[in-house]
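Breakdown of the fold
Each chain is listed here by its residues.
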Amino acid sequence: MTAIETIRHDSTICMFDLYGTVVDMQAGLTRAVTPYLKAKGWKGEPSRLVTWWRRTHFENSMIDALLDRAHIPYREIGHISLSYTLERAGVPHTQEEVQRLVAEIERLEPFPDVVEALARLKRKYRLVILSNGDPDMLEAIKPHLGIGFDRIISVAEAGRFKPHAATYRKAAESMVARPEEILFVANHAFDCVGAKAAGMRTAFVDRRKRPFGGWPYQPDLVVADFRELADTLA
């Protein structure tokens, strides 16, 4: 069988990354910080500061995952990361302002192609989110997603951030499923690599038109967006 035929035959669950895959984190956070930065008199490009913030958050999450200590919540990592980013950019700020901006993550909206595509996939697959977000953050974003998921899982259950292997193993256990029964869908190569290494099949949503890289854990499917994903699988 081809990779697509195998996915159609074996997969019963479509499991999605949330931030940057289902919801548009870059655009949403850019809209949130733009008036804030303007009021501060900062002359830079808001979207670049958001990119800087997100990269710092990712780096700090990876540090936390490697420390082998108590899991630091995603929200707290966000506070640390945004404070650092604003300080480096020379933007004066208070912790209250930082907390307010990080809270915007709980109100992010889906990409335009997501809801209709998920509605089609839902006829055939159980839909699940596996996110680095804290449980309460994931609960808060539910009304903004536009569609109900069968389960929303936080990596807090595993005590590690993705792409730690424990996060994918715990998610499969939570769904009472074998890894190979799960198609993991992400806009991020690192997340697809982590899921594939853990035994799941993977779909890479190449929204940003970037190379996947020469990893031995290549995606089983590459699509431009959710519409193509649904066209291929549903």
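A brief report on the enclosed structure follows. (Residues numbered from 1 in each chain as written. Predicted model: local features only at pLDDT ≥ 70, side-chain atom pairs only at ≥ 80, totals over all residues. Heavy atoms only, no water.)

**Some words on the environment of Trp53**
Inspection of the secondary structure puts Trp53 in helix 3 (residues 46-66). On the basis of relative accessible area, Trp53 is assigned to the buried category, the value being 2%. Taking the C-alpha atoms as reference points, Trp53 and Thr21, separated by 32 residues in sequence, lie 17 Å from one another. Sequence-distant contacts of Trp53, defined by excluding residues within four places in its chain, comprise Leu29, Val33, Gly78, Ser81, Leu82, Thr85, Leu101 and Val102. (Helix = DSSP H or I, 4+ residues; strand = E, 2+ residues; numbered from the N terminus. Buried < 20%, exposed > 50% of the residue type's maximum accessible area, 1.4 Å probe, protein only. Contact = heavy atoms within 4.5 Å.)

**Side note on the packing of helix 6 (residues 114-121) against helix 10 (residues 226-233)**
Packing of helix 6 against helix 10 leaves a shortest axis separation of 8 Å and a crossing angle of 15°. Accordingly, the angle class assigned to the pair helix 6 and helix 10 is roughly parallel. Note that helix 6 runs across helix 10; the crossing there is left-handed. On the side of helix 6, the interface is formed by Val114, Ala117, Leu118, Arg120 and Leu121, while helix 10 contributes Phe226, Arg227, Leu229, Ala230, Asp231 and Leu233. Its residues assigned to classes, the contact of helix 6 with helix 10 comprises 8 nonpolar, no polar and 3 charged. (Axes fitted to C-alpha atoms, helices over the stretch in contact; angles between N-to-C directions. Parallel < 35°, antiparallel > 145°, perpendicular 65-115°, else oblique. Left-handed = near helix turned anticlockwise from the far one by under 90°. Nonpolar A, V, L, I, M, F, W, Y, C, P; charged D, E, K, R; others polar.)

**Some words on the side chain of Asn187**
With respect to the helices and strands, Asn187 occurs in the loop between strand 4 (182-186) and helix 9 (189-197). Here Gly20 takes part through its backbone oxygen, which lies 3.3 Å from a polar atom of the side chain of Asn187. If sequence neighbours within four positions are ignored, Asn187 has contacts with Gly20, Thr21, Phe204, Val205, Arg207 and Arg208. (Polar contact = N/O pair within 3.5 Å; in protein donor to acceptor, adjacent residues only side chain to side chain.)

**Examining the sheet that holds strand 4**
Read from one edge of the open sheet, 6 strands run 3-2-1-4-5-6, paired in parallel fashion. At either margin of the open sheet sits one strand with a lone partner, and together these are strand 3 (151-154) and strand 6 (221-223). This sheet shows a mean twist of 25° between the axes of neighbouring strands, independent of strand direction. The pairing of strand 4 with strand 5 (residues 201-205) spans 4 bridges and is classified as parallel. In the strand pairing of strand 5, Ala186 is matched with Phe204. Packing against the sheet, helix 9 makes contact with strand 4 and strand 5, and its axis sits at approximately 175° to strand 5. (Pairing = 2+ DSSP bridges.)

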